[in-house]
Amino acid sequence: MKPFPLTLPLSLAGLLAGLGTLSACAPPFDVARKDLGPFRIAAMGVHDGQAHAAVWSGEGMGHAQAPALEWSIDGQVIGQGNGLVLPDEVLDGALLELVATSSSGEMAQGIVTVFRGEQNLQAERAAVAIGEDLSLSARRELQNLGAQHGEVGQAVRVSLPGARGTLRWMSALGVGTVLELSETQADVLADEVVFENEEGAWVVAEREAGEPGIYHQLVLDLDAGMGNRWIWVDVAIGVDEPLVQHYGRLIPGDLTLDSGLMQSTLEVVDGELTLGSLLAVEDLSTQGLLECAPVGQAFRLDWVSEGRCGLDELDGAIIVLEVQ
């Protein structure tokens, strides 16, 4: 199999406001559209005693070079990098501040309350035959079609049954449309839909058919009592290639592959990360050493999209992924 891109070529558009202090807000409503646009901190929190952040590059599902991260408590710098182990004296409830600086000098700031937890969100997908009526009531009547991936003209319903707080849905690359359905579900469309408010009701003003492809969503679970968690969820619409799952991500590959560890070679082509063919392996012994990646762990594609590993570090690297 020839190398394939992890991000299908889709146009950049849209804007999402800065992160600021993470907190709960109003419940889902009929229509909601959030796009990841320019460079920003999309999510941050403490998982397994380490400070983590999902930094959006503003350019796609990867950073040309990894951004610099500087963490502070009460204005005092405590360290740098993604996955910083917090000092024991940092207590739950403290305010954790982050300054992220891109390789081109762009800066973004965020602040979050420290709550130590686990990054254990999981997503479920189900194709639905969405029609012209995009209202909440009409979408609640739709039945799952028995497939995880949608055909052209369909939508994919993403569920996070383990969510504890308020979900925030963010579309990478500013393409497609996300319509919240419930506190733990949203419908993802390839179509570009523009809504307007007419006499207190949201109505479709424009709707343009989207292209077949893999659409990336960052879903943030905001829980003031238990800390913040997030997950990248890929949605496939109109994709003919077989796909394998890597946490919430989808990778073109042989469906006959058993779940487990798969080796691949990374290549950066025109600013996008591609993988070669997947090969089943028994352990991590064939994985190359990368300064950006933790030793003794299978590689995670999230490390690329969130800025832990820059594309300049990955070209030609042999990595081992866990697929399900």
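Residues numbered from 1 in each chain as written. Predicted model: local features only at pLDDT ≥ 70, side-chain atom pairs only at ≥ 80, totals over all residues. Heavy atoms only, no water.

### Some thoughts on the overall build of the chain
At step 1: The secondary structure content of the chain amounts to two helices and 25 strands.
At step 2: Every one of the 324 residues in the chain was classed for burial, and the buried ones make up 50%.
At step 3: Across the chain, contacts joining residues at least 24 apart in sequence account for 61% of those joining residues at least 6 apart.
At step 4: Of the roughly 14900 Å² of accessible surface on the chain, a fraction of 49% belongs to carbon and sulfur atoms. (Helix = DSSP H or I, 4+ residues; strand = E, 2+ residues; numbered from the N terminus. Buried < 20%, exposed > 50% of the residue type's maximum accessible area, 1.4 Å probe, protein only. Contact = heavy atoms within 4.5 Å. Areas by Shrake-Rupley, 256 points an atom, 1.4 Å probe, with all protein chains shown as cover.)

### Comments concerning the pairing of strand 21 (residues 249–252)
At step 1: Residues R249 and I251 line one face of strand 21 and the alternating positions L250 and P252 line the opposite face, and both faces are buried.
At step 2: The pairing of strand 20 (residues 243–246) with strand 21 spans four bridges and is antiparallel. Following the sheet pairing, Q245 is matched in strand 21 by L250. (Pairing = 2+ DSSP bridges.)

### Some words on the sheet that holds strand 12 (residues 155–159)
At step 1: The strand order across the open sheet built from four strands is 11-12-15-14, with neighbouring strands paired in antiparallel fashion. With partners counted over all chains shown, the strands left at the sheet margins are strand 11 (124–128) and strand 14 (177–182), one partner each. On average, each strand axis in the sheet is inclined to that of its neighbour by 25 degrees, with strand direction left out of account.
At step 2: Relative to strand 15 (residues 185–189), strand 12 runs antiparallel, the two sharing five bridges. (Axes fitted to C-alpha atoms, helices over the stretch in contact; angles between N-to-C directions.)

### Observations regarding the sheet that holds strand 19 (residues 229–237)
Where strands meet in a sheet, backbone hydrogen bonds hold them as pairs that are either parallel or antiparallel.
At step 1: Reading across from one edge, 13-18-19 is the order of the three strands in this open sheet, with antiparallel pairing throughout. The open sheet is flanked by strand 13 (166–171) and strand 19, the only strands paired with a single partner. Strand-to-strand twist across the sheet, computed as the mean angle between neighbouring axes with direction ignored, equals 25 degrees.
At step 2: In the sheet, strand 18 (residues 213–222) pairs with strand 19 via nine bridges, with the strands oriented antiparallel. In the sheet register, L220 faces strand 19, and the bridge partner there is W230.

### Examining the packing of aromatic side chains
At step 1: This model, assessed by the stated rule, comprises two aromatic pairs.
At step 2: Judged by centre distance (6.4 Å) and plane angle (35 degrees), the rings of W56 and W232 are tilted. A residue pair is termed long-range when its members are at least 10 positions apart, and W56 in strand 4 (residues 50–56) and W232 in strand 19 qualify at 176 residues.
At step 3: With relative accessibility at 1%, the residue W56 sits in the buried group.
At step 4: Ring geometry for F299 versus W303: centroids 5.4 Å apart, planes at 80 degrees, classification edge-to-face. In this structure, F299 and W303 share a single accessibility class: buried.
At step 5: In this structure, R300 packs its charged tip against the face of Y247, placed 3.6 Å from the ring centre.
At step 6: Taking the ring centre of W303 as reference, the NZ or CZ of R308 above it sits at 5.6 Å. (Phe/Tyr/Trp six-rings, centres within 6.5 Å; stacked < 30°, edge-to-face > 60°. Lys NZ or Arg CZ within 6 Å of the ring centre and 35° of its normal.)

### Observations regarding unusual backbone geometry
At step 1: Positive phi, close to 55 degrees, is recorded for Y247, a residue that is not glycine.
At step 2: With respect to the secondary-structure elements, Y247 resides in the loop between strand 20 and strand 21.
At step 3: Judged by relative accessible area, Y247 falls into the partly exposed class, the value being 35%.
At step 4: Phi is positive for D270, which is not a glycine, with a value near 50 degrees.
At step 5: Looking at the element boundaries, D270 is found in the loop between strand 22 (260–269) and strand 23 (272–275).

### Some thoughts on the nonpolar core
At step 1: Among the nonpolar cores identified, the biggest contains 32 residues, and L36, V158, L160, W169 and L218 are the most heavily contacted of them.
At step 2: Secondary structure elements with two or more residues in this core: strand 3 (40–47), strand 4, strand 12, strand 13, strand 15, strand 18 and strand 19.
At step 3: Tallying contributions element by element places strand 19 first for this core, with six residues.
At step 4: If near-sequence neighbours (up to four positions away) are discounted, L218 is found in contact with L36, A42, A54, R168, W169, M170, W230, I231 and W232. (Core = buried A, V, L, I, M, F, W, Y, C linked by side-chain atoms within 4.5 Å.)

### Structural notes on the pattern of salt bridges
At step 1: Summed over the entire model, instances satisfying the criterion amount to eight salt bridges.
At step 2: One salt bridge in this structure joins R139 and D187, with 2.9 Å as the shortest N-O distance. Separated by 48 residues along the polypeptide, R139 in helix 1 (residues 136–140) and D187 in strand 15 bring together distant segments of the chain.
At step 3: Residues D191 and R207 are paired through a salt bridge, measuring 3.0 Å at the closest nitrogen-oxygen approach. With D191 in the loop between strand 15 and strand 16 (192–198) and R207 in strand 17 (residues 201–208), this residue pair connects regions lying 16 residues apart in the sequence.
At step 4: Exposure remark for R207: the relative accessible area of 27% places this residue in the partly exposed category.
At step 5: Via salt bridges that share partners, R139, R157 and D187 belong to a single interconnected network. (Salt bridge = Lys/Arg side-chain N within 4 Å of Asp/Glu carboxyl O.)

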